[in-house]
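# Survey of secondary and tertiary structure
Okay, here's what each chain looks like letter by letter:
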Amino acid sequence: MKTEFYDLILQTRQTTELSQILDCNQKTDRFGLVLTEEEVEMLLIHRKEVLETQQRIEFGESILPKLIYTFCDSPYLEEENYADTLAELMEIFYLYKNETLDLVTDEELLNFMVEQFNNVCYGDTQYLSETCLERFARAVRNGYQGFYENEGKGIYEEDFSEETHWERGLYDQAAQELVE
């Protein structure tokens, strides 16, 4: 009896979430991004798998609508890869909720993710995950709190960069020496 009741609750929740995510199409359509019912079902199945892998439980609303609304105007999302990219971003989101020890709110993490995705990673989810967010999470675990002031906005990868950056003047000088 308990199992049947629990299954009914899960089925009702999944139907509600499916509807909520499909409703996102009203906003994303103007960016040329629309999810089919099959794609939403795939995302919901993937979310369940990711939550299990990351050992997380989601209370209340799914993160998917927030993720969709946060990224829908990105110049790096295209209809052909939209659902797959959302699946990757969702996986990255839950991974880094854990990696930041939940010290960062959903909004702060989403804001940081979209800025990095658009301005630093140029749509590369692997670079987002393995570089930008890895460094951000390490900084948060070590006490960094600069994201609190602006809800995760305005923080760029350069703030956490470990690479030596080239300088335009030195480049011009080296190029001039090669020409001479």
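For the structure, see preceding data.
Keep in mind it's a predicted model, so treat the numbers as computed, not measured.

What counts, and where the lines are drawn
Residues take numbers from 1 onward in each chain, read along the sequence in its written order. pLDDT decides what is reported in this predicted model: residues at 70 or higher carry local features, side-chain atom pairs at 80 or more are listed and counted, and totals for whole chains, interfaces and linings draw on all residues regardless. Heavy atoms throughout the structure, all of them, feed into the side-chain values; hydrogens and water do not. Helix and strand definitions follow DSSP, with helices as H or I runs of at least four residues and strands as E runs of at least two, each counted in order from the N terminus. Contacts are assigned to residue pairs that have any heavy atoms within 4.5 Å of one another. Residue exposure ignores everything except the shown protein chains as possible cover, and the areas themselves are Shrake-Rupley values with a 1.4 Å probe. Residues form patches when they are more than 30% accessible in relative terms and have no salt bridge. Like charges link within 9 Å. Nonpolar side chains (Val, Leu, Ile, Met, Phe, Trp, Tyr) link within 5 Å. One speaks of a salt bridge when a side-chain nitrogen belonging to Lys or Arg is within 4 Å of a carboxyl oxygen belonging to Asp or Glu. As used throughout, the charge tally considers Lys and Arg to be positive and Asp and Glu to be negative, leaving His and the chain termini uncounted. The location of each charge is read from NZ of Lys, CZ of Arg, CG of Asp or CD of Glu. Exposure classes here rest on a 1.4 Å probe applied to the protein chains alone. A residue is buried below 20% of its type maximum, exposed above 50%, and partly exposed in between. All axes are obtained by fitting lines to C-alpha atoms, using only the stretch in contact for helices, and the reported angles, taken between N-to-C directions, cover 0 to 180 degrees. Left-handed describes a crossing in which the near helix is turned anticlockwise from the far one by less than a right angle; the clockwise case is right-handed. The residue classification treats Ala, Val, Leu, Ile, Met, Phe, Trp, Tyr, Cys and Pro as nonpolar and Asp, Glu, Lys and Arg as charged. All others, Gly included, are polar. What counts as a ring pair is set by centres within 6.5 Å for rings of Phe, Tyr and Trp (its six-membered ring), and what kind of pair is set by the plane angle: stacked under 30 degrees, edge-to-face over 60, tilted for all other angles.

## Here we look at the overall build of the chain
In terms of helices and strands, the chain carries 8 helices and 0 strands. Put simply, of all contacts in the chain between residues at least 6 apart along the chain, 68% involve residues at least 24 apart. Within the structure as shown, the chain displays about 11,100 Å² of accessible surface, and the carbon and sulfur contribution to it stands at 49%.

## A few points about a negative patch on the surface
On the surface, Asp 29, Glu 78, Glu 79 and Glu 80 cluster together to form a negatively charged patch. Looking at the secondary structure, you find Glu 80 in the loop between α4 (64-71) and α5 (82-99). You can call Glu 80 exposed: its relative accessible area is 67%.

## As for the packing of α4 against α5
Two numbers describe how α4 lies on α5: the axes approach to 11 Å, and their chain directions differ by 115 degrees. The chirality of how α4 crosses α5 is right-handed. On α5, the residues that touch Leu 64, Leu 67, Ile 68 and Phe 71 of α4 are Tyr 82, Leu 86, Leu 89 and Met 90. The residue makeup of the contact of α4 with α5, split by class, is 8 nonpolar, no polar and no charged.

## What to know about unusual backbone geometry
Look at Leu 101: it is not a glycine, yet its phi comes out positive at around 60 degrees. One can find Leu 101 in the loop between α5 and α6 (106-119). Phi at Tyr 122 is positive, roughly 50 degrees, even though this residue is not glycine. Mapped onto the elements, Tyr 122 comes out in the loop between α6 and α7 (125-141).

## Focus: the environment of Val 34
Counting through the fold element by element, Val 34 comes out in the loop between α2 (25-28) and α3 (37-53). A sequence separation of 11 residues divides Val 34 from Asp 23, and the C-alpha atoms of the two residues are 10.0 Å apart. When sequence neighbours within four positions are dropped, the list of residues in contact with Val 34 reads Asn 25, Thr 28, Asp 29, Glu 39, Glu 79 and Tyr 82.

## Concerning the packing of aromatic side chains
If you walk through the whole model with that rule in mind, you get 6 aromatic pairs. Aromatic side chains Phe 71 and Phe 117 sit 5.4 Å apart centroid to centroid with 80 degrees between the ring planes, which places their arrangement in the edge-to-face category. Here Phe 71, found in helix α4, pairs with Phe 117, found in helix α6; they are 46 residues apart in sequence, far enough to count as distant. Take Phe 71 and Phe 117: they sit in the same class, and that class is buried. Between Phe 112 and Phe 136 the ring centres are 4.0 Å apart and the planes differ by 15 degrees, which places this aromatic pair in the stacked class. Separated by 24 residues along the polypeptide, Phe 112 in helix α6 and Phe 136 in helix α7 bring together distant segments of the chain. Taken individually, Phe 112 and Phe 136 each receive the classification buried, so the pair is uniform in this respect. A connected cluster of aromatic rings, assembled from ring pairs, spans Phe 71, Tyr 76, Phe 117 and Tyr 122.

## A few points about the pattern of salt bridges
A full pass over the atoms with the stated rule returns 8 salt bridges. For Glu 17, the salt bridge is made with Arg 47, and the minimal N-O distance between the two is 3.0 Å. A residue pair is termed long-range when its members are at least 10 positions apart, and Glu 17 in helix α1 (residues 2-23) and Arg 47 in helix α3 qualify at 30 residues. Given a relative accessible area of 9%, Arg 47 falls into the buried group. A salt bridge links Lys 66 to Glu 107; its shortest N-O distance comes to 3.1 Å. Here Glu 107 lies in helix α6 and Lys 66 lies in helix α4, a separation of 41 residues in the sequence. Judged by relative accessible area, which is 33%, Lys 66 ranks as partly exposed.

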